[in-house]
Amino acid sequence: MTVFYQGPCARVTHEVFETRSPHHRRFMIRDIRHLYLASRARDPNESDRAQLRTGSAGVASVAAVAAAVGWPALSATSMPSIATAGLATALIVVAASALTFAACLRAPSARVHELWAVYQGRMVCLFNTTDERTFGQVRRALVRAIEQIQDG
């Protein structure tokens, strides 16, 4: 048996294409027709950046409330340097959180690379990944396997 690719998310032999992405499936090479490549932006709901945005907004909110509520109490103390340090710290936390939030909005999301084909008369997504290198290796292996079937 000829193995064209063996990895954690896929295996390509001269007879089958097994994938674990998006979930475990097995395709017979002889039934795969019209291979298509697609690339799309990753769904924002899948993005880790969404969690970071939420966390940074939460930290900024807590720091802003702490500064607003704590400022009168700190300014009434007999130690103005503590009040100034507390306010400065709260403002720095708010600014850092706001910058993190803005950076997450502007950063490009990971792209999802997909292999689509007509399999047994239906258009199906054979494989997808955000890892460009893995995608290239799996794609090349699948093309070689299909070519070997066509030449044989």
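In short, a report on the structure. (Residues numbered from 1 in each chain as written. Predicted model: local features only at pLDDT ≥ 70, side-chain atom pairs only at ≥ 80, totals over all residues. Heavy atoms only, no water.)

**So, helix α3 (residues 132-151)**
And then number 1: Taking 1.5 Å per residue, 20 residues should reach 28 Å; α3 reaches 28 Å between its end C-alpha atoms and fits that length.
And then number 2: Residues of α3 that are buried include every one of Thr134, Phe135, Gly136, Val138, Ala141, Leu142, Ala145 and Ile146, and no others.
And then number 3: Residues of α3 that are buried in the fold lie against β1 (3-6), β2 (10-13), β3 (16-19), β5 (32-41), β6 (111-119) and β7 (122-129). (Helix = DSSP H or I, 4+ residues; strand = E, 2+ residues; numbered from the N terminus. Expected span 1.5 Å × (residues − 1). Buried < 20%, exposed > 50% of the residue type's maximum accessible area, 1.4 Å probe, protein only. Contact = heavy atoms within 4.5 Å.)

**Some words on the packing of aromatic side chains**
Where two aromatic rings form a pair, the distance of their centres and the angle of their planes describe that pair.
And then number 1: For the coordinates displayed, the defined rule picks out 3 aromatic pairs.
And then number 2: Their ring planes at 85° and their centres at 4.9 Å tell us that phenylalanine 27 and tyrosine 119 sit as a pair that is edge-to-face. Note that phenylalanine 27 is positioned in strand β4 (residues 25-28) and tyrosine 119 in strand β6, a separation of 92 residues in sequence.
And then number 3: On the accessibility criterion, phenylalanine 27 (4% relative accessible area) is buried.
And then number 4: These aromatic residues form a ring-pair network of at least three members: Phe17, Phe27, Tyr119 and Phe127. (Phe/Tyr/Trp six-rings, centres within 6.5 Å; stacked < 30°, edge-to-face > 60°.)

**Quick look at the nonpolar core**
As a rule of thumb, nonpolar side chains are buried together in soluble globular proteins.
And then number 1: Core analysis: the largest hydrophobic core is formed by 21 residues, its most contacted members being Phe17, Ile32, Leu126, Phe127 and Leu142.
And then number 2: For this core, the secondary-structure elements that each account for two or more residues are β1, β2, β6, β7 and α3.
And then number 3: Per element, the largest residue contribution to this core is 6 residues, and it comes from α3.
And then number 4: Residues within four places of phenylalanine 127 in sequence aside, it is in contact with Cys9, Ala10, Phe17, Thr19, Ser21, His113, Glu114, Leu115, Thr134, Phe135 and Val138. (Core = buried A, V, L, I, M, F, W, Y, C linked by side-chain atoms within 4.5 Å.)

**Examining the pattern of salt bridges**
And then number 1: In this structure the tally under the stated criterion is 2 salt bridges.
And then number 2: Between glutamate 18 and arginine 11 there is a salt bridge, with the nearest N and O atoms lying 2.6 Å from each other. For the pair glutamate 18 and arginine 11, one class covers both residues: buried.
And then number 3: Linking arginine 40 and glutamate 114 is a salt bridge whose minimum nitrogen-to-oxygen distance equals 3.0 Å. Residue arginine 40 is found in strand β5, and its partner glutamate 114 is found in strand β6; the two are separated by 74 residues along the sequence.
And then number 4: Arginine 40 gets classed as partly exposed once you look at its relative accessible area, which sits at 33%. (Salt bridge = Lys/Arg side-chain N within 4 Å of Asp/Glu carboxyl O.)

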